[in-house]
Amino acid sequence: MSSTIAAISTPVYQGGLSVIRMSGSDSLRIADNIFVGKTAPSAMAGYTCQYGKIVREGRTLDDVILTVFRAPHSYTGEDTVEISCHGGVYLAREILKLLIENGAEPAPAGEFTKRAFLAGKLSLTQAEGVLDIISANGERELVSARAMRDGNLSKNIHSVAEDMVKISGNLAAWSDYPDEDIPDADTTHLGNDLSEIINRLEHILNSYDKGKILRQGIDTAIVGRPNVGKSTLMNQLLGYKRSIVTENAGTTRDVIEESVRVGDFVLKLSDTAGIRDTNDPIECIGVDLATEKLENAELVLAVFDSSEELTETDREILEKIRNKPHIILLNKSDLPEKVDPEYFFDKYILSVSANSGSGLEKLPEMIAEIFKLGGSTDSAEIYINERQRSQVQKALDFVRLALSEYHSGITLDAVTVYMDEALNALLELTGERATEAVVNNLFERFCVGK
Ligand code: GDP
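Within every chain, residues take consecutive numbers counted from 1 along the sequence as written. Per-residue local features are limited, in this predicted model, to residues with pLDDT of at least 70; the limit for side-chain atom pairs, both in listing and counting, is 80 or more; totals at the level of whole chains, interfaces and linings are taken over all residues. As a rule here, side-chain values cover all heavy atoms of the structure and leave hydrogens and water aside.

Caption draft 1: The overall build of the protein, seen in detail. Strands are runs of DSSP state E lasting at least 2 residues, helices are runs of H or I lasting at least 4, and numbering of each runs from the N terminus. Assigned secondary structure in the protein consists of 16 helices and 13 strands. Looking at the protein as a whole, 47% of its 450 residues qualify as buried. For the exposure calls, accessible area comes from a 1.4 Å probe over protein chains only, and a residue counts as buried if that area is under 20% of its type's maximum, exposed if over 50%, partly exposed in between.

Given below as structure tokens:
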């Protein structure tokens, strides 16, 4: 079959432990060559581990724990060996080098999971679930990723696909044997059946936007006239040092400080760098409100000073944010209230003190409500990714075409053709009919060693 692959599966940094993983029919033989313990790895049972030494030309490289997984009861479905060594970068690389000298090949990114997919252990969407588990930044993302990994999305798609096959089957019977007495009922239900499929696909699609909000964060503008407490609020939000998102350091975003984590959400605060440099809180604020930043914002935090009467500028601001998702923050709640809260008709309004942070703890709940991410994280909603979205959308478009052909009442042949196309899109989604290019493209997004 395929070659035996090896890679360092833990991050290549100094740490407590590093794990080097090897998979393929030659793994146990290669392990025998380099490992010295009580028993040869090839004599070990699956799911067992053993303490021993990794030895190169009589010289010990490290003491390790070696674990054996026997085909087909491993992640990849192949014989697999995992070596846990001390977490040194040089050391882990030397052990990997030794495996390669003994016949293993360096594993390309995602190769272990790709093999699991090719061995039928995972569907394509389940493999994407694995990817999501690794990149999850919060509870909701993780719960969704686990559900996807457990196959809930595949099952969902499968059940839609099965119903589509039934519909196509009936249509085929009807169009292949038009002279036979196929009951009319089969086609009278067709309109309803297609509409129901459309509803189910739309429901799956809806989760995309929510997932995007969790994965990519929310573009947020803090607005308000001078002195209402915008910088103080910003500092308060940034102040929880541990909540500053640093995971993306050195990747795509140049100014990482501008993201803050609020509960399960990441708020991408506009132009924080500018704010810090000039000490002039958000220039986009105040009277100059009609800026691009506000227009692009997915969420506006509108700050007002509750210890003062509303000014003309305040009213202008309210007018400008009316059609944007927004939260009104009535700041300086520690001071006697002068503003009339009745003036704000908004549903999302919080009395806060940016100085002390009091009241801000309700922010995540409110954001969840605005973006319809309410409810407990136990009831796993699965947030589909871009690839999945585009496949579901494709299927949906074809089913809609099928429905409109059906309504046009001319012939059912076109309905059959569109249903086949829709089905193809779903099978490509789960991987049952995915092209090699689709599969390769997906696994390239994994890290090496996964
Ligand atoms: P900005 O111009 O909107 O950025 O406002 P600042 O953040 O610079 O705050 C203006 C003034 O309001 C400063 O003196 C802050 O200390 C004060 N301030 C901000 N938040 C609060 C608060 O929650 N309570 C009180 N009492 N003062 C606040």
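Read on, since the account is not over.
Caption draft 2: View of helix 5 (residues 139-149). Taken together, the buried positions of helix 5 are Arg-140, Glu-141, Ser-144, Ala-145, Ala-147 and Met-148. For helix 5, the buried positions fall inside an angular range of 160° around the axis, keeping them on one side. The directions from the helix axis to the C-beta atoms are what the arc is built from.

Caption draft 3: Representation of the environment of Ile-384 within the structure. As for its position among the elements, Ile-384 is in the loop between helix 13 (363-370) and helix 14 (386-408). Whether two residues touch is decided by their heavy atoms; if any such pair falls within 4.5 Å, the residues are in contact. Each residue touching Ile-384, except ones within four places of it in the same chain, is listed here: Met-148, Leu-153, Ile-204, Leu-205, Ser-207, Tyr-208, Arg-215 and Arg-389.

Caption draft 4: How the structure looks around the packing of helix 3 (residues 111-118) against helix 16 (residues 436-443). Orientation is described by lines fitted to C-alpha atoms, with helices fitted over the stretch in contact, and by angles between N-to-C directions that extend from 0 to 180 degrees. Contact geometry for helix 3 and helix 16: axes closest at 9 Å, N-to-C directions at 140°. Of the two possible hands of crossing, helix 3 and helix 16 adopt the one that is right-handed. On helix 16, the residues touching Thr-113, Lys-114 and Phe-117 of helix 3 are Val-439, Asn-440 and Phe-443. For this classification, the nonpolar set comprises Ala, Val, Leu, Ile, Met, Phe, Trp, Tyr, Cys and Pro, the charged set comprises Asp, Glu, Lys and Arg, and every other residue, Gly included, is treated as polar. Partitioned by chemical class, the residues of the contact of helix 3 with helix 16 number 3 nonpolar, 2 polar and 1 charged. In this scheme the crossing of two helices becomes right-handed for a clockwise turn of the near helix relative to the far one and left-handed for an anticlockwise turn of less than a right angle.

Caption draft 5: Spotlight on the sheet that holds strand 10 (residues 265-269). If DSSP finds at least two bridges between two strands, the strands pair. Strand order in the open sheet made by the 6 strands is 9-10-8-11-12-13, with mixed pairing throughout. Each having just a single partner strand, strand 9 (259-262) and strand 13 (349-351) make up the two edges of the open sheet. Taken pair by pair, the neighbouring strands of this sheet meet at an average axis angle of 30°, ignoring direction. The pairing of strand 11 (residues 299-305) with strand 12 (residues 326-331) spans 6 bridges and is classified as parallel. The residue of strand 12 that forms the bridge with Val-300 is His-326.

Caption draft 6: Spatial organisation of the side chain of Thr-125. Residue placement: Thr-125 occurs in helix 4 (residues 124-135). As used in this structure description, the phrase polar contact means that two N or O atoms lie within 3.5 Å; if the pair is within protein, one of them must be able to donate a hydrogen and the other to accept it, and residues adjacent in sequence are counted only when both atoms belong to side chains. Within the structure, Thr-125 has its side chain in polar contact with the side chain of Ser-154 (distance 2.6 Å). When neighbours within four sequence positions are excluded, Thr-125 is seen to be in contact with Met-148, Leu-153, Ser-154, Arg-387, Gln-388, Leu-429 and Thr-430.

Caption draft 7: Main features of the site of the ligand. Not every one of the 16 residues close to the ligand is listed here, only the nearest: Asn-227, Lys-230, Ser-231, Thr-232 and Asp-334. Per-residue and other accessible areas follow the Shrake-Rupley method at a 1.4 Å probe size, with only the shown protein chains counted as cover for residues. Protein contacts shield 74% of the accessible area of the ligand, which totals 580 Å² for the unbound molecule. A total of 3 residues in the shell around the ligand trace back to one element, the largest contributor, which is helix 9 (residues 230-239). Of the residues belonging to the shell around the ligand, the class tally is 5 nonpolar, 7 polar and 4 charged. We call a residue near a molecule or strand as soon as one heavy atom of that residue lies within 4 Å of the molecule or strand.

Caption draft 8: The arrangement of the packing of aromatic side chains in detail. Pairing of aromatic side chains here covers Phe, Tyr and the six-membered ring of Trp, requires ring centres within 6.5 Å, and sorts the geometry by plane angle: under 30 degrees stacked, over 60 edge-to-face, intermediate tilted. Applying the stated criterion to the full structure yields 6 aromatic pairs. When the centroid spacing of 6.0 Å and the interplanar angle of 35° are considered together, the rings of Phe-117 and Phe-443 count as tilted. Of this pair, Phe-117 sits in helix 3 while Phe-443 sits in helix 16, placing them 326 residues apart in sequence. When the centroid spacing of 5.4 Å and the interplanar angle of 35° are considered together, the rings of Phe-443 and Phe-446 count as tilted. Of the aromatic side chains, those joined through ring pairs into one cluster are Phe-117, Phe-443 and Phe-446. Whether a charge sits over a ring depends on NZ of Lys or CZ of Arg being within 6 Å of the ring centre and within 35 degrees of the ring normal. Lying across the ring of Phe-112, Arg-21 places its NZ or CZ 4.6 Å from the centre. The residue whose ring lies beneath Lys-450 is Tyr-75, and the NZ or CZ to ring-centre distance is 4.9 Å.

Caption draft 9: Quick look at the sheet that holds strand 5 (residues 59-69). Reading across the sheet, the 7 strands line up as 3-4-5-6-2-1-7 and stay open at both edges, with mixed pairing between neighbours. Two strands lie at the open edges of the sheet, namely strand 3 (35-37) and strand 7 (105-106), each paired on one side alone. As paired elements, strand 5 and strand 6 (residues 80-87) share 5 bridges and run antiparallel to each other. Residue pairing in the sheet places Leu-66 in a bridge with Ile-83 of strand 6. Taken strand by strand, helix 3 contacts strand 1 (5-8) and strand 2 (15-23), and its axis lies near 135° from that of strand 1.

Caption draft 10: A look at a negative patch on the surface. A contiguous patch of negative charge on the surface is contributed by Glu-309, Glu-337, Asp-340 and Glu-342. Within the fold, Asp-340 resides in the loop between strand 12 and strand 13. Assessed through its relative accessible area of 45%, Asp-340 is described here as partly exposed. A residue counts toward a patch only above 30% relative accessible area and without a salt bridge, and it is joined to like-charged neighbours within 9 Å or, for Val, Leu, Ile, Met, Phe, Trp and Tyr, to nonpolar neighbours within 5 Å. Just to be clear on terms, a salt bridge is a Lys or Arg side-chain nitrogen sitting within 4 Å of an Asp or Glu carboxyl oxygen. This count recognises Lys and Arg as positive and Asp and Glu as negative, with His and chain-terminal groups excluded. Charged groups are reduced to one reference atom each: NZ for lysine, CZ for arginine, CG for aspartic acid, CD for glutamic acid.

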